[in-house]
Amino acid sequence: MNEQPKAVRVVPRLEQFPGQATDIIRFGDLDPQGHVNNTVFSTYFETGRVLFLREPGNMLSPPGTTSVLARLDINFLKELHWPGTVQIGIATAEIGRSSYTFAQALFRDGICVATARATVVLIDIETRRARPLPEEVVARLEAFRMRE
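## Let's talk about the layout of surface pockets
Item 1. Put simply, the largest pocket is a space of about 370 Å³.
Item 2. Surrounding the largest pocket, 15 residues form its lining, R49, V50, L53, R54 and S67 being those nearest its centre.
Item 3. Elements with a contribution of two residues or more to the lining of the largest pocket: α1 (38-54) and β2 (65-76).
Item 4. Broken down by class, the residue content of the lining of the largest pocket amounts to eight nonpolar, four polar and three charged.

Put into structure tokens, the structure is as follows:
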């Protein structure tokens, strides 16, 4: 009998992410079980993306375009409880023709509690169709790759 070795989950560290933000855990984030509801994790990840994208020099939507979230995959690793704060890490994971994917992670007291991948598509504001990423956007995304 050949047993396959178990896959090892590599848990990221906050310092690996060039983009970082903080959010508070609100009492209203809790579910009846007393921990942060799973749907709120996507809000924390959104906070990280928006704060990162709004920093001077990080604008990834040239005039006449906007960026839309096309996919969000979340892996829940640990529960979160109120009160407290979370640190949100963000880095470029992949760059496509008209889309890019961020690697993200949530941390509480230095411990990773969730990871996510968020795929964003650049679209034309008028036609609402995907547009190729300009070279300057690709260069900015390359500069935000995850650190070792």
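## Description of the confidence of the model for the protein chain
Item 1. Per-residue confidence for the protein chain gives a mean pLDDT of 93, with 96% of residues at or over 70.
Item 2. Within the protein chain, α1 has the poorest average pLDDT of any element, 93, and strand β4 (residues 99-108) the best, 98.

## Description of the sheet that holds strand β1 (residues 19-25)
Item 1. Read from one edge of the open sheet, five strands run β1-β3-β4-β5-β2, paired in antiparallel fashion. Both outer strands of the open sheet, β1 and β2, are each paired with one neighbouring strand and no more. The sheet shows a mean angle of 25° between the axes of neighbouring strands, taken without regard to direction.
Item 2. Sheet topology note: the β1/strand β3 (residues 84-95) ladder contains seven bridges and is antiparallel. Bridge pairing in β3 links G19 to I90.

## Quick word on the pattern of salt bridges
Item 1. Following the criterion strictly, the structure yields eight salt bridges and no others.
Item 2. A salt bridge links D29 to R26; the nearest nitrogen and oxygen atoms lie 3.8 Å apart.
Item 3. Residue classification places R26 among the partly exposed positions, given a relative accessible area of 36%.
Item 4. With a shortest N-O distance of 3.3 Å, D124 and R131 are connected by a salt bridge.
Item 5. Owing to a relative accessible area of 17%, D124 belongs among the buried residues under this scheme.
Item 6. Residue class for R131 comes out partly exposed when judged on its relative accessible area of 30%.

## Looking at the packing of aromatic side chains
Item 1. Applying the stated criterion to the full structure yields seven aromatic pairs.
Item 2. Aromatic side chains Y100 and F102 sit 5.3 Å apart centroid to centroid with 70° between the ring planes, which places their arrangement in the edge-to-face category.

## Some points on the pairing of β4
Item 1. Most of β4 sits inside the fold, with nine of its 10 residues counted as buried.
Item 2. Looking at chain direction, β3 and β4 are connected through eight bridges and run antiparallel. Paired with Q87 across the bridge in β4 is F107.
Item 3. Connecting the antiparallel pair β3 and β4 is a turn made up of three residues.

Conventions and cut-offs
- Residues numbered from 1 in each chain as written.
- Predicted model: local features only at pLDDT ≥ 70, side-chain atom pairs only at ≥ 80, totals over all residues.
- Heavy atoms only, no water.
- 1 Å grid on protein atoms, 1.4 Å probe; cavity = no way out; pocket = protein on both sides within 12 Å on 5 of 7 lines; lining within 4 Å.
- Points joined across faces, edges and corners; volume = space filled by probe spheres on them.
- Helix = DSSP H or I, 4+ residues; strand = E, 2+ residues; numbered from the N terminus.
- Nonpolar A, V, L, I, M, F, W, Y, C, P; charged D, E, K, R; others polar.
- pLDDT = per-residue confidence, 0-100.
- Pairing = 2+ DSSP bridges.
- Axes fitted to C-alpha atoms, helices over the stretch in contact; angles between N-to-C directions.
- Salt bridge = Lys/Arg side-chain N within 4 Å of Asp/Glu carboxyl O.
- Buried < 20%, exposed > 50% of the residue type's maximum accessible area, 1.4 Å probe, protein only.
- Phe/Tyr/Trp six-rings, centres within 6.5 Å; stacked < 30°, edge-to-face > 60°.

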